[in-house]
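Chain residues, written in single-letter form:
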Amino acid sequence: MAKLSDLKIDSAAVNDGVWVPIEQYPGLKIRTRGYTDQFLDAQTRRVAQAAEKYRNDPSRIPNAVRRQLNADLLTEFLLLDVDGLFADDAETQKVTIDEFRALLAQPDYARLARACWEAASLVATGAVQQAEDAEGN
């Protein structure tokens, strides 16, 4: 039987953000919000605005334009901090959140952007809390 509590998400985590460990990159953690109302509203507006140049068809938005739009959304609404990412092989120069954000629109760092989307999705679905609860058991 389904319980109501199974369907409830942690709206505080979605709005305030939590640290999410990125499994594919051991040591990397991203502090992010989930998909907040402000994020979703901005995404809808910006995609519609970008689509105006392409016969109001979002599927016609070029990938480079969409990549920049998505990087801006991540930066402005979701990403709060980063830890465990280094700019050098000796792991002495931590990447700051500002440096991290600047990389997101660059095609060479598409995997970094995907990790951010995955982290935000985990917060939005409550999977981060579920994983923490499972670790504690």
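Residues numbered from 1 in each chain as written. Predicted model: local features only at pLDDT ≥ 70, side-chain atom pairs only at ≥ 80, totals over all residues. Heavy atoms only, no water.

1. Notes on the nonpolar core
Next, step 1: Among the nonpolar cores identified, the biggest contains 33 residues, and Ile22, Ile30, Leu79, Phe100, Leu104 and Cys116 are the most heavily contacted of them.
Next, step 2: Elements that contribute at least two residues to this core include exactly helix 2 (11-16), helix 3 (37-51), helix 4 (63-78), strand 3 (79-83), helix 5 (97-103) and helix 6 (110-125).
Next, step 3: Of the residues forming this core, the biggest block, seven residues, is contributed by helix 6.
Next, step 4: What leucine 79 contacts, discounting residues up to four positions off in sequence, is Ile30, Arg31, Thr32, Leu74, Phe100, Arg101, Leu104 and Cys116. (Core = buried A, V, L, I, M, F, W, Y, C linked by side-chain atoms within 4.5 Å. Buried < 20%, exposed > 50% of the residue type's maximum accessible area, 1.4 Å probe, protein only. Helix = DSSP H or I, 4+ residues; strand = E, 2+ residues; numbered from the N terminus. Contact = heavy atoms within 4.5 Å.)

2. Notes on the side chain of aspartate 88
Next, step 1: By the element assignment, aspartate 88 lies in the loop between strand 3 and helix 5.
Next, step 2: Lysine 94 provides the closest opposite charge to the buried, salt-bridge-free aspartate 88, at an N-O distance of 11 Å. (Lys, Arg positive; Asp, Glu negative; His and termini not counted. Salt bridge = Lys/Arg side-chain N within 4 Å of Asp/Glu carboxyl O.)

3. Let's talk about the sheet that holds strand 2 (residues 29-32)
Next, step 1: Judged by pairing direction, the sheet is antiparallel, and its three strands sit side by side in the order 1-2-3 without closing on themselves. Only two strands of the sheet have a single neighbouring strand rather than two, namely strand 1 (18-21) and strand 3. With strand direction ignored, the average angle separating the axes of adjacent strands in the sheet is 25°.
Next, step 2: Alignment of strand 2 against strand 3, held across four bridges, turns out to be antiparallel. Bridge pairing links arginine 31 to aspartate 81 in strand 3.
Next, step 3: Across the sheet, helix 4 touches strand 2 and strand 3, and the angle it forms with strand 3 is around 95°. (Pairing = 2+ DSSP bridges. Axes fitted to C-alpha atoms, helices over the stretch in contact; angles between N-to-C directions.)

4. What to know about the packing of aromatic side chains
Next, step 1: Taken as a whole and judged by the stated rule, the model has three aromatic pairs.
Next, step 2: Ring centres of tyrosine 35 and tryptophan 117 lie 6.4 Å apart, and the angle between their planes is 40°; on these two criteria the pair is classed as tilted. Residue tyrosine 35 is located in the loop between strand 2 and helix 3, and its partner tryptophan 117 is located in helix 6; the two are separated by 82 residues in the primary sequence.
Next, step 3: Classification of tyrosine 35 as partly exposed rests on a relative accessible area of 27%.
Next, step 4: On the basis of relative accessible area, tryptophan 117 is assigned to the partly exposed category, the value being 21%. (Phe/Tyr/Trp six-rings, centres within 6.5 Å; stacked < 30°, edge-to-face > 60°.)

Nothing here speaks to function; it is all geometry.
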